[in-house]
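Chain and residue survey
Each chain, written out:
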Amino acid sequence: MTKKEYTKAFKENAVKLSYEVGGARAARQLEIPKGMIYRWRKEQREDGDEAFRGKGKMKAAQAEIARLKRELKDIKEENEICAMRSPSVRFLCHLRLKQKKPSPSLQNPSE
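Report follows, based on the coordinates. Because the structure is a prediction, the values reported are computed rather than measured.

With that settled, the discussion passes to the side chain of Arg41. In this fold, Arg41 is placed in helix α3 (residues 34-47). Glu20 provides the closest opposite charge to the buried, unpaired Arg41, separated from it by 10 Å. Setting aside residues up to four positions removed in sequence, Arg41 forms contacts with Val15, Ser18, Tyr19, Gly22 and Gly23.

One pass over the structure, following the stated rule, counts three aromatic pairs. With centroids separated by 5.3 Å and ring planes inclined at 75°, the aromatic side chains of Tyr6 and Trp40 adopt a geometry described as edge-to-face. Residue Tyr6 is found in the segment before α1 (8-21), and its partner Trp40 is found in helix α3; the two are separated by 34 residues along the sequence. Here Phe10 and Trp40 contribute two aromatic rings whose centre-to-centre distance is 6.1 Å and whose plane-to-plane angle is 90°, an arrangement assigned as edge-to-face. Separated by 30 residues along the polypeptide, Phe10 in helix α1 and Trp40 in helix α3 bring together distant segments of the chain. Residue class for Phe10 comes out partly exposed when judged on its relative accessible area of 27%. With relative accessibility at 3%, the residue Trp40 sits in the buried group. Feature note: the residues Tyr6, Phe10 and Trp40 constitute an aromatic cluster, connected by ring pairs. Here the basic side chain of Arg41 rests over the ring of Tyr19, its NZ or CZ set 4.2 Å away from the ring centre.

Moving on: the pattern of salt bridges. Tallying each qualifying case throughout the model produces three salt bridges. Taking the shortest distance from any N to any O, the salt bridge between Arg67 and Glu64 comes out at 2.8 Å. One end of the pair is Arg67 and the other is Glu64, both in helix α4 (residues 60-99) and three residues apart, which spans about a single turn. Residue Arg67 is classed as partly exposed on the basis of its relative accessible area of 35%. You can call Glu64 partly exposed: its relative accessible area is 36%. Residue Arg67 is joined to Glu71 by a salt bridge in which the shortest nitrogen-to-oxygen separation is 2.8 Å. Residue Arg67 and its partner Glu71 are located together in helix α4, separated by four residues, close to a single helical turn. The class of Glu71 is partly exposed, set by a relative accessible area of 37%. Among the charged side chains, a salt-bridge network with shared partners connects Glu64, Arg67 and Glu71.

Definitions and cut-offs
Residues numbered from 1 in each chain as written. Predicted model: local features only at pLDDT ≥ 70, side-chain atom pairs only at ≥ 80, totals over all residues. Heavy atoms only, no water. Helix = DSSP H or I, 4+ residues; strand = E, 2+ residues; numbered from the N terminus. Buried < 20%, exposed > 50% of the residue type's maximum accessible area, 1.4 Å probe, protein only. Lys, Arg positive; Asp, Glu negative; His and termini not counted. Salt bridge = Lys/Arg side-chain N within 4 Å of Asp/Glu carboxyl O. Contact = heavy atoms within 4.5 Å. Phe/Tyr/Trp six-rings, centres within 6.5 Å; stacked < 30°, edge-to-face > 60°. Lys NZ or Arg CZ within 6 Å of the ring centre and 35° of its normal.

Structure (structure tokens):
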């Protein structure tokens, strides 16, 4: 038995019909399981305009959370890289300062 996929428009019309004639009757007329009608009703009631988004499509809030998680991951990686680089950068700066000769005005007069 193959899994049948229904369009958003079909689902919306099925839900509308189910409210007009009843869930069981609408399911019989459309030749779909009545549990599906009730599941679609619930989804429309809970998600409103975002109902029946399609396979793999997230709700706007879920998409925003996913985007923020990716952004946070990127920032954490950047911070780790900066933290790893900071000691070496400080060390290199320290070496450069040691190699620089002091200016003549700062040299010890006893030398």
